[in-house]
Amino acid sequence: MTNTPSPVTATVDFGVYGVQHGHLQLPWSRDESAWGSVMIPVTVIRNGSGPTALITGGNHGDEYEGPLAILDAATSLDPAAVSGRIILIPFMNAPAVHAATRTSPIDGGNMNRAFPGRPDGTITEKIADYFTRYLLPMADIVLDFHSGGKSLDFLPFAACHTLEDKAQEARCRAARDAFCAPFSLQMLEIDPSAMYDHAAESQGKTFVTTELGGRGTATPETVAIARRGLRNLLIHAGILAGDIDAAPTCHLTQDDAACFHFAPDAGMVEFTVMLGDAVTCGETLARIWPLYHTGIEPNVITAQTDGLVMVRHHPGLIRQGDCLAVLASETGPTKE
Ligand code: ZN
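Predicted model only: the values in this text are computed from it and were never measured.

(A) Spatial organisation of the overall build of the chain. Of the regular secondary structure elements, the chain holds 6 helices and 19 strands. The C-alpha atoms of the chain give 20 Å as radius of gyration, which agrees with the globular expectation for 336 residues (20 Å, within 12%). In terms of its C-alpha atoms, the chain occupies a principal-axis envelope of roughly 65 × 50 × 35 Å. Across the 336 residues that make up the chain, the buried fraction comes to 51%. In the chain, of all internal contacts separated by at least 6 residues, the share reaching a separation of at least 24 is 70%. A total accessible area of about 14,400 Å² is found for the chain, and carbon and sulfur atoms account for 54% of it.

(B) Up close: the sheet that holds strand β15 (residues 284-289). Spatially, the 4 strands line up as an open sheet ordered β16-β15-β13-β18, and their pairing is antiparallel. Of all the strands in the sheet, just β16 (299-302) and β18 (317-318) have a single pairing partner and so form its edges. Pairing of strand β13 (residues 267-271) with β18, which is carried by 2 bridges, proceeds in the antiparallel orientation. Considered in β18, the bridge of Gly267 is made with Ile318.

(C) Broad picture of the coordination of the zinc ion. For the zinc ion, the protein coordination sphere consists of His60 (ND1), Glu63 (OE), Glu63 (OE) and His146 (ND1), at 2.0 to 2.4 Å. If you look at the zinc ion, its 4 donor atoms make angles of 57 to 149° with each other, and the shape they trace is irregular. Along the chain, the residues donating to the zinc ion fall in the pattern H-x2-E-x82-H. Within this pair, whereas His60 is found in the loop between β4 (52-56) and α1 (65-76), its partner His146 is found in the loop between β6 (141-144) and β7 (152-154), the two being separated by 86 residues in sequence. Classification of His60 as buried rests on a relative accessible area of 2%.

(D) Molecular detail of a nonpolar patch on the surface. Together, Met268, Trp289, Leu291, Tyr292 and Leu317 line one region of the surface with nonpolar side chains, adding up to about 560 Å² of accessible area. Take Tyr292: it is sitting in the loop between β15 and β16.

(E) Main features of helix α6 (residues 220-236). Over its 17 residues, α6 extends 24 Å from the first C-alpha to the last, a length consistent with the 24 Å expected when each residue adds 1.5 Å. Inspection of α6 places Thr222, Val223, Ile225, Ala226, Gly229, Leu230, Asn232, Leu233, Leu234 and Ile235 among the buried residues, and these make up the whole buried set. Where α6 is buried, its residues contact β4, α1, β5 (84-89), β6, α4 (166-179) and β10 (206-211). Looking one or two residues past α6, Gly238 carries a phi angle of roughly 80°, positive in sign.

Rules behind the numbers
- Residues numbered from 1 in each chain as written.
- Predicted model: local features only at pLDDT ≥ 70, side-chain atom pairs only at ≥ 80, totals over all residues.
- Heavy atoms only, no water.
- Helix = DSSP H or I, 4+ residues; strand = E, 2+ residues; numbered from the N terminus.
- Rg over C-alpha atoms; globule rule 2.2 N^0.38 Å.
- Buried < 20%, exposed > 50% of the residue type's maximum accessible area, 1.4 Å probe, protein only.
- Contact = heavy atoms within 4.5 Å.
- Areas by Shrake-Rupley, 256 points an atom, 1.4 Å probe, with all protein chains shown as cover.
- Pairing = 2+ DSSP bridges.
- Donors = N, O, S within 2.8 Å, 3.2 Å for Na, K, Ca; no water.
- Tetrahedral: all angles 85-135°; square planar, octahedral: opposite > 155°, others 65-115°.
- Patch = residues over 30% accessible without salt bridge, like charges linked within 9 Å, V, L, I, M, F, W, Y side chains within 5 Å.
- Salt bridge = Lys/Arg side-chain N within 4 Å of Asp/Glu carboxyl O.
- Expected span 1.5 Å × (residues − 1).

Rendered as structure tokens:
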């Protein structure tokens, strides 16, 4: 890992007790502001002794449940009820949040494919590097909120990954289950190497991620899941006083890559299943109709495995190679 200092500076002092609202400030020189900055809001709440939680939303700029839950926590958490430290960052990729896009409008950077980042890289890589070398090392437990953004819609779930270190995996699973989302997933990633998840897990952190809805918006139900989950996770970590607001959860797992379904051709999607539907291998998931001709049969996409529909493409048009649907298998709670 590089020794080059990060160009990011924090206007808060992470060692100070009490509540601080400030920014992570990153120089961004451009036509309209020669010595300007990217400003990423941050709240630090420290009281007593205890672990540190690092809570992020806006890793992708078009996902809203996490930022809304974190903004609420930053205004409402009682520091007297805290034992330890909570670092709240609702807009991790702030330029993407401002543009309401998944990736940064400055450099096209996808924050969750930019890790570990570089102090001398693009704006997105510089933010990622600050998380890798400055913020993650301070944390014991890490929660990174995601939702489907403008192009996907998810069953609301909290997730963790299968890890080589089984004790760490058990810690992550316990934190995920304490979140009490309607669904709890043992998650399989398509391309994990440059993800924030991997950066946190490779530093031995207890890491939980979520997918809480999508379609480029949030609902009262999904925001309530995010708020309850954040509070539950902080109580589980021993940082926040109170009782976990328990709720039933359905445990899901992704056994292999057959659960992922991609569009073989572009067109107009006619889904024949809804989120949460149980399907069997060979059952039709969707028909993709051609956009430039009539009289042509649609491309019928069938399930490659049994499972619940966990993710659906959104909105109505799809491009070749887009993720159409993902299935997950229902399972009992994973045993340690
Ligand atoms: Zn995301």
